[in-house]
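Chain by chain, the residues run as shown.
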Amino acid sequence: MRHPKKSSLAVLLCCVVLSNWRLPQGFSQEKVSSKELVAQSWEALFKKDYVLLEKLVKQCVHENGKEADAQQASLHGFPSQDKIGTYQALNDVATCLFVRIEAFVREEKRDDAKEACRELIKKYPFAQAWDPRGWYWKVAEKAQATLDKLEKGISAIEESRK
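Report on the accompanying structure. (Residues numbered from 1 in each chain as written. Predicted model: local features only at pLDDT ≥ 70, side-chain atom pairs only at ≥ 80, totals over all residues. Heavy atoms only, no water.)

As a further point, take the overall build of the protein. Scanning the protein from N- to C-terminus turns up seven helices and two strands. Sequence-ordered secondary structure for the protein, helices as α and strands as β, is α-α-α-α-α-β-β-α-α. The buried share of the protein, reckoned over its 162 residues, is 35%. Taking contacts inside the protein between residues at least 6 apart in sequence as the whole, the part at least 24 apart equals 64%. (Helix = DSSP H or I, 4+ residues; strand = E, 2+ residues; numbered from the N terminus. Buried < 20%, exposed > 50% of the residue type's maximum accessible area, 1.4 Å probe, protein only. Contact = heavy atoms within 4.5 Å.)

What follows covers the pattern of salt bridges. Under the criterion given, the structure shown has seven salt bridges. Note that E43 and K47 form a salt bridge whose closest N and O atoms lie 2.9 Å from each other. What makes E43 partly exposed here is its relative accessible area of 41%. Judged by relative accessible area, which is 59%, K47 ranks as exposed. A salt bridge links E151 to R118, with the shortest nitrogen-to-oxygen separation between them at 2.4 Å. Pair noted here: E151 is in helix α6 (residues 139–152) and R118 is in helix α5 (residues 110–123), with a separation of 33 residues, a long-range link. For E151, a relative accessible area of 42% gives the class partly exposed. Residue R118 is classed as partly exposed on the basis of its relative accessible area of 42%. (Salt bridge = Lys/Arg side-chain N within 4 Å of Asp/Glu carboxyl O.)

Inspection of the secondary structure assignment puts W130 in strand β1 (residues 128–131). Among residues more than four places away in sequence, those in contact with W130 are W135, Y136 and W137.

Attention shifts here to the nonpolar core. In this structure, L53, L90, L120, Y124 and V139 are the most contacted members of the largest nonpolar core, which totals 37 residues. Elements with a contribution of two residues or more to this core: α2 (34–46), α3 (50–73), α4 (88–106), α5 and α6. No other element matches α4, which puts eleven residues into this core. Residues in contact with L53, not counting those within four places in the same chain, are S41, A44, L45, V99, R100 and A103. (Core = buried A, V, L, I, M, F, W, Y, C linked by side-chain atoms within 4.5 Å.)

This brings us to the environment of K142. Counting through the fold element by element, K142 comes out in helix α6. On the accessibility criterion, K142 (40% relative accessible area) is partly exposed. In the structure, K142 is positioned 25 residues away from C117 in sequence and 9.1 Å away in space, judged by C-alpha atoms. Sequence-distant contacts of K142, that is, excluding residues within four places in its chain, are made with F98 and W137.

On to the pairing of strand β2 (residues 135–138). As judged from the four bridges shared by β1 and β2, these two strands associate in the antiparallel manner. Counted as the bridge partner of D131 is W135 from β2. Turn length for the β1-β2 hairpin, with the two strands adjacent in sequence and antiparallel, is three residues, and the turn residue G134 shows positive phi of about 115 degrees. (Pairing = 2+ DSSP bridges.)

The next point concerns the packing of aromatic side chains. A full pass over the atoms with the stated rule returns four aromatic pairs. Between F78 and F126 the ring centres are 5.2 Å apart and the planes differ by 85 degrees, which places this aromatic pair in the edge-to-face class. Of this pair, F78 sits in the loop between α3 and α4 while F126 sits in the loop between α5 and β1; the two residues are 48 residues apart in sequence, bridging distant segments of the chain. Residue classification places F126 among the buried positions, given a relative accessible area of 18%. Judged by centre distance (5.0 Å) and plane angle (65 degrees), the rings of W130 and Y136 are edge-to-face. With a relative accessible area of 49%, W130 lands in the partly exposed category. A cation sits over an aromatic face here: K138 above F78, 4.5 Å from the ring centre. (Phe/Tyr/Trp six-rings, centres within 6.5 Å; stacked < 30°, edge-to-face > 60°. Lys NZ or Arg CZ within 6 Å of the ring centre and 35° of its normal.)

Structural data, given as structure tokens:
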């Protein structure tokens, strides 16, 4: 037979523990869509709020990274235009990571930017990002262009185009 005070104490303890549970520092407690995290990441970049940007990128990866990895693993090429939307996690995680690369470049953290480019290119080669002007762009392709600029120098890239 259970002791009523012990059972009540166990229930009370569980309630206290659960009511005090928090996500790691910097993560939002309410679920924000990956699409919204992308929009907030771009906004933080434009405002040069790199601390907020880092938190948003980490939140996006934390909440959507496993799904993004699974979506990437299911692909052997870029999905057709009518199926891009079914790869939302992949596209949004990669886009947030790309925004972080842009921040590294602006902060002149060249080594961090190069490493992040290589990682994104390897991990998410088929991710695409929506441009509000009406089309998708290939995230790994833009990351490669950024990496080329960082490794060869912008002037070398411009000279090769002449």
